[in-house]
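The residues making up each chain are set out below.
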Amino acid sequence: MWDNETARRYDAWFTTPTGEFALKREMRLLERMTAGWPRRGQRLLEVGCGTGIFLDVLHSAGFDVTGLDAAPAMLEAARRRLGAKADLHLGDAAHLPFDDKEFDFCVLLTVLEFCPDPGAVLAEAGRVAKKAILVGYLNRCSLYGLSMRFFGGHRRGPLHEVRWFSPCAMGRLVRANLGRRCLRTASVLPGPKCTWREKAPWRQLNTPLLPLPVGAFCACEISLANTPAMTPLPAFKAKTCMG
């Protein structure tokens, strides 16, 4: 499914007005959710890194980044984007080729939806990370999710063939496979896709970062350490560690 043409179309969508609008909001959410994580010398793994769009953002934020994906075409696109900035691996998300606690952080962004066994993938993330995990997922209960399920059935595409999560279902998946609860949850893009536009009032509707999982794209942080990170994003000179 994830061949060269799919990788090209994936990247091309983010250059459309709608895709660019959504990507900016998703990046803001990613930055907000990782703002408390220390950066310098911290190893971060993105499972299902795709073409490297978000991995590039995480590298720019100061993490030492590693990416893994099961699709050679997606990884090749990531290599073109990132060059030597990231260590990239071809592999199975349910059987990660890394040692226990090899990374400080693990990020999974819209990847569990495509996995035959999302619980196994989440458990593997918990095995290789020692401080925290961030999961970004498509919200089944959002206006976008409802419109895709009930009004987009005539269209064919990857998002019509994958598993969509409700916030409650994601919480159960986290507890069942990591034995922990989500520390924080936030979301973006509360309106349906037709409202993802720069024109008022849609820009005002879809720009805020929401503390509740009501938007199309949700993110939840799971702490694996005894104490959460407390370094804010702008405090680059502070040296803070997690337990």
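Residues numbered from 1 in each chain as written. Predicted model: local features only at pLDDT ≥ 70, side-chain atom pairs only at ≥ 80, totals over all residues. Heavy atoms only, no water.

Enquirer: Please explain the sheet that holds strand E4 (residues 103-109) as it appears in this structure.
Expert: Strand pairing in a sheet takes place through backbone hydrogen bonds and is either antiparallel or parallel in direction. Within the open sheet, the 7 strands sit side by side as E3-E2-E1-E4-E5-E7-E6. Their pairing is mixed. Looking at the sheet topology across the chains shown, the edges are occupied by strand E3 (86-90) and strand E6 (184-188). Direction aside, neighbouring strands of the sheet carry axes that sit 15° apart on average. Where strand E5 (residues 129-138) and strand E7 (residues 217-223) come together, 7 bridges link them in antiparallel fashion. Paired with valine 135 across the bridge in E7 is cysteine 220. In the packing of helix H2 (residues 17-33) onto the sheet, the strands contacted are E4, E5, E6 and E7, and the crossing angle to E6 comes to about 165°. Along the sheet, helix H3 (residues 53-60) contacts strand E1 (43-47), strand E2 (64-69), E3 and E4; its crossing angle with E2, the most-contacted strand, is approximately 165°. (Pairing = 2+ DSSP bridges. Helix = DSSP H or I, 4+ residues; strand = E, 2+ residues; numbered from the N terminus. Axes fitted to C-alpha atoms, helices over the stretch in contact; angles between N-to-C directions. Contact = heavy atoms within 4.5 Å.)

Enquirer: Looking at this model, I keep getting lost on the packing of H2 against H3. Mind explaining?
Expert: Helix packing for two helices is described by the angle between their axes and how far apart those axes are. Running from N to C, H2 and H3 point in directions that differ by 45°, and their axes come no closer than 11 Å. When the axis of H2 is compared with that of H3, the two are oblique. Relative to H3, the crossing made by H2 is right-handed. Counting all contacts with H2, which are made through Leu23, Glu26, Met27, Leu30 and Glu31, the residues of H3 involved are Ile53, Phe54, Val57 and Leu58. Along the lines of polarity and charge, the residues of the contact of H2 with H3 split into 7 nonpolar, no polar and 2 charged. (Parallel < 35°, antiparallel > 145°, perpendicular 65-115°, else oblique. Left-handed = near helix turned anticlockwise from the far one by under 90°. Nonpolar A, V, L, I, M, F, W, Y, C, P; charged D, E, K, R; others polar.)

Enquirer: Teacher, can you tell me more about the packing of helix H5 (residues 118-128) against helix H7 (residues 167-178) here?
Expert: At a minimum axis separation of 9 Å, H5 and H7 run at an interaxial angle of 55°. Looking at the two axes, H5 sits oblique to H7. Viewed along their axes, H5 and H7 form a crossing whose handedness is right-handed. Touching Pro118, Gly119, Ala120, Leu122, Ala123 and Gly126 of H5 are Leu173, Val174, Asn177 and Leu178, all from H7. Its residues placed into classes, the contact of H5 with H7 shows 7 nonpolar, 3 polar and no charged.

Enquirer: Looking at this structure, I do not really get the pairing of E4. What am I missing?
Expert: Note on strand geometry: in a regular strand, side chains alternate between the two faces of the sheet. Across the 7 residues of E4, 7 count as buried, placing the element largely inside the fold. Direction of pairing for E1 relative to E4: parallel, over a ladder of 4 bridges. Bridged to leucine 44 within E4 is phenylalanine 105. When E4 meets E5, the two strands line up parallel, connected through 6 bridges. Bridge pairing in E5 places cysteine 106 opposite isoleucine 133. The β-α-β motif built from E4, the intervening H5 and the parallel element E5 has right-handed crossover chirality. (Buried < 20%, exposed > 50% of the residue type's maximum accessible area, 1.4 Å probe, protein only. Right-handed = clockwise from strand over helix to strand, strands pointing away.)

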